[in-house]
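# Fold and contact review
Now for the letters of each chain:
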Amino acid sequence: MINAVDLINTIPSLKTQYTTKVSKQNTVAILGSSASSEPLEKYLKASSDITRHFIENGYNVVHGCGSKGIMGEVYKSAQTHSIKDLQGKPVQNLAIVVEPLWGDENLVDCIPIGKAKSEAERITKFAKVADNFVIFPGSAATLQETTTLIQNNRYCKDGEAKKVILFGAEFWEGLVSQYKKLFDMELLKENPIGKLFYIANSKEDVMKLILKK
């Protein structure tokens, strides 16, 4: 395998071909924990199945290129089920990486389309290449990404909101409760659920919200 440190020097800040309106509409960012833990195991199959279904329905999947936890499952599923180019590259398996690298990235069996110096910069780039987000349970970085997307939806122009789906109601109940409280206190003008974000508990929930009609 080619050394990932050497490869990252060939990755541009962001490949502009993936920022077009059509490309964004046909790309799903799937985010979540890049670490493994027993409580997260119940989400692994769902993340793999959801990735496969998007790939099979013609979407690109973009992720953070982790090898463990939910990110690892998403990567493997996208790599396995993606259409391959003439060189055998899975063209629907896209990644935006943080530099310096964590050290476990496989940049060979995906298409690295961008890089960022921080998690905050990377979520901005995810938003530039995807109109659809499925966010699984994760750590503080996942929460940071989630609240950034929700805040951006609050202030965006009509028709520009991202479809932000939080998978696993049990995990997200604290966040949902806080946003409901903001609405009850009139600090939000409209109920955030179904406007700023959605909740899903199954593959079917996710597909109904995103798949083209």
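Residues numbered from 1 in each chain as written. Predicted model: local features only at pLDDT ≥ 70, side-chain atom pairs only at ≥ 80, totals over all residues. Heavy atoms only, no water.

## Describing helix 3 (residues 41-56)
Between its first and last C-alpha atoms helix 3 spans 24 Å; for 16 residues at 1.5 Å apiece the expected length is 22 Å, and the two agree. Restricting attention to buried positions, one finds in helix 3 the residues Tyr43, Ala46, Ser47, Ser48, Asp49, Ile50, Thr51, His53, Phe54 and Ile55. A positive backbone phi angle near 90° is found at glycine 58, which sits one or two residues after helix 3. (Helix = DSSP H or I, 4+ residues; strand = E, 2+ residues; numbered from the N terminus. Expected span 1.5 Å × (residues − 1). Buried < 20%, exposed > 50% of the residue type's maximum accessible area, 1.4 Å probe, protein only.)

## Examining the pattern of salt bridges
Evaluation of the coordinates by the stated rule reveals 8 salt bridges. Among the salt bridges present, the one from aspartate 49 reaches lysine 45, with a minimum N-O distance of 2.6 Å. Linking aspartate 49 with lysine 45, this pair stays in helix 3, spanning 4 residues, or about one helical turn. A relative accessible area of 17% places aspartate 49 in the buried class. Judged by relative accessible area, lysine 45 falls into the exposed class, the value being 60%. (Salt bridge = Lys/Arg side-chain N within 4 Å of Asp/Glu carboxyl O.)

## Overview of unusual backbone geometry
In this model, glutamate 99 is joined to proline 100 through a cis peptide bond whose omega is 5°. Inspection of the secondary structure assignment puts proline 100 in the loop between strand 3 (93-98) and strand 4 (111-116). Positive phi values are uncommon outside glycine, yet cysteine 65 reaches one of about 70°. Relative to the helices and strands, cysteine 65 resides in the loop between strand 2 (60-63) and helix 4 (69-81). For glutamate 186, which is not glycine, the phi torsion reads 65° and is therefore positive. Inspection of the secondary structure puts glutamate 186 in the loop between helix 7 (169-184) and strand 7 (198-200). Overall, glutamate 186 belongs to the exposed group, its relative accessible area being 71%.

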